[in-house]
Amino acid sequence: MTPHTLTETSNLLAQHKDPERSRLIAQLQHLIHGSKEVAVAATVAAKNPAFRRLGITDAALLEVVSPEAPLLTVDLDLYRQAASKEPAAAVNFNSLREF
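Residues numbered from 1 in each chain as written. Predicted model: local features only at pLDDT ≥ 70, side-chain atom pairs only at ≥ 80, totals over all residues. Heavy atoms only, no water.

Undergrad: Is there a simple way to explain the overall build of the protein chain in this structure?
TA: Per the secondary structure count, the protein chain includes 6 helices and 2 strands. With the principal axes as the frame, the protein chain shows a C-alpha extent of 40 × 40 × 25 Å. Counting every position in the protein chain, which comprises 99 residues, the buried fraction comes to 28%. Working note: accessible area of the protein chain is about 6,900 Å², and carbon and sulfur atoms make up 55% of it. When the 10 positive and 11 negative side-chain charges of the protein chain are each reduced to one mean point, those points stand 4 Å apart. (Helix = DSSP H or I, 4+ residues; strand = E, 2+ residues; numbered from the N terminus. Buried < 20%, exposed > 50% of the residue type's maximum accessible area, 1.4 Å probe, protein only. Areas by Shrake-Rupley, 256 points an atom, 1.4 Å probe, with all protein chains shown as cover. Lys, Arg positive; Asp, Glu negative; His and termini not counted. Charge placed at Lys NZ, Arg CZ, Asp CG, Glu CD.)

See below:
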C-alpha cells in the first residue's frame, strides 16, 4: 500500500456514519499495522505518463506494481495501464467475481 491509497481509503471510510465508521476505521488501522507501506514521492508519481489521466494515487501505484507487489483493481483504466507495464502483476478484480 502507498500513502496515497491509504489517504483515499481513510477519506472514503470517514464518509460512513458511526458505528460503522468506527468499525471500518479500526479495520483499516489493523490492516495498516500488518502491512508494508511503500512511499512514492509525488514528484516521482507526477512524472509517470499516466498521471495526467489517472491522477496521483494511480500514478503512484503504477510506480510500484511488480510481480512482488501485484495490483488488484476494479478500475479498468488503471488495470490496462498496469498490465501494459507488468502483465503478470495486474489483476482485474471484476474478472474474479461471480456475477
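This is not the end of the story, as more comes after the structure.
Undergrad: Before we go on, may I ask you to explain helix α1 (residues 3-13) in this structure?
TA: Quick reminder: α-helices carry 3.6 residues per turn. Residues three or four places apart thus point the same way. Taken residue by residue, α1 has His 4, Thr 5, Leu 6 and Leu 13 as its buried positions. Structurally, α1 contributes buried residues whose contacts are with α2 (20-33) and α5 (56-64). (Contact = heavy atoms within 4.5 Å.)

Undergrad: In this structure, what is going on with the pattern of salt bridges? I would like to understand it.
TA: Close approach of charged atoms allows side chains of opposite charge to pair. All chains considered together, the criterion is met by 1 salt bridge. Across the pair Glu 20 and Arg 23 runs a salt bridge whose closest N-O atoms are separated by 4.0 Å. Remark: Arg 23 and Glu 20 occur in helix α2; sequence separation between them is 3 residues, near one turn of the helix. (Salt bridge = Lys/Arg side-chain N within 4 Å of Asp/Glu carboxyl O.)

Undergrad: In this structure, what is going on with the environment of Ser 22? I would like to understand it.
TA: Among the secondary structure elements, Ser 22 is positioned in helix α2. Take Ser 22: its relative accessible area is 39%, and that puts it in the partly exposed class. For the pair Ser 22 and Phe 93, spaced 71 residues apart in sequence, the C-alpha separation works out to 27 Å.

Undergrad: Please clarify how unusual backbone geometry should be interpreted in this entry.
TA: Most peptide bonds adopt trans geometry, and most residues besides glycine take a negative phi value. A cis amide bond links Asp 18 with the next residue in sequence, Pro 19, at an omega value of 10 degrees. Looking at the secondary structure, you find Pro 19 in the loop between α1 and α2.

Undergrad: Hey, could you run me through the environment of Thr 5 in this one?
TA: Along the chain, the position of Thr 5 falls in helix α1. Every residue in contact with Thr 5, bar those within four places of it in the chain, is listed here: Thr 57 and Leu 61. A polar atom in the side chain of Thr 5 sits 2.8 Å from the backbone oxygen of Thr 2. (Polar contact = N/O pair within 3.5 Å; in protein donor to acceptor, adjacent residues only side chain to side chain.)

Undergrad: Before we go on, may I ask you to explain the side chain of Asn 48 in this structure?
TA: Note that Asn 48 resides in the loop between α3 (42-45) and α4 (51-54). Judged by its relative accessible area of 12%, Asn 48 falls in the buried class. Within the structure, the side chain of Asn 48 is placed 2.9 Å from the side chain of Glu 63, a separation counted as a polar contact. What Asn 48 contacts, discounting residues up to four positions off in sequence, is Ala 59, Leu 62 and Glu 63.

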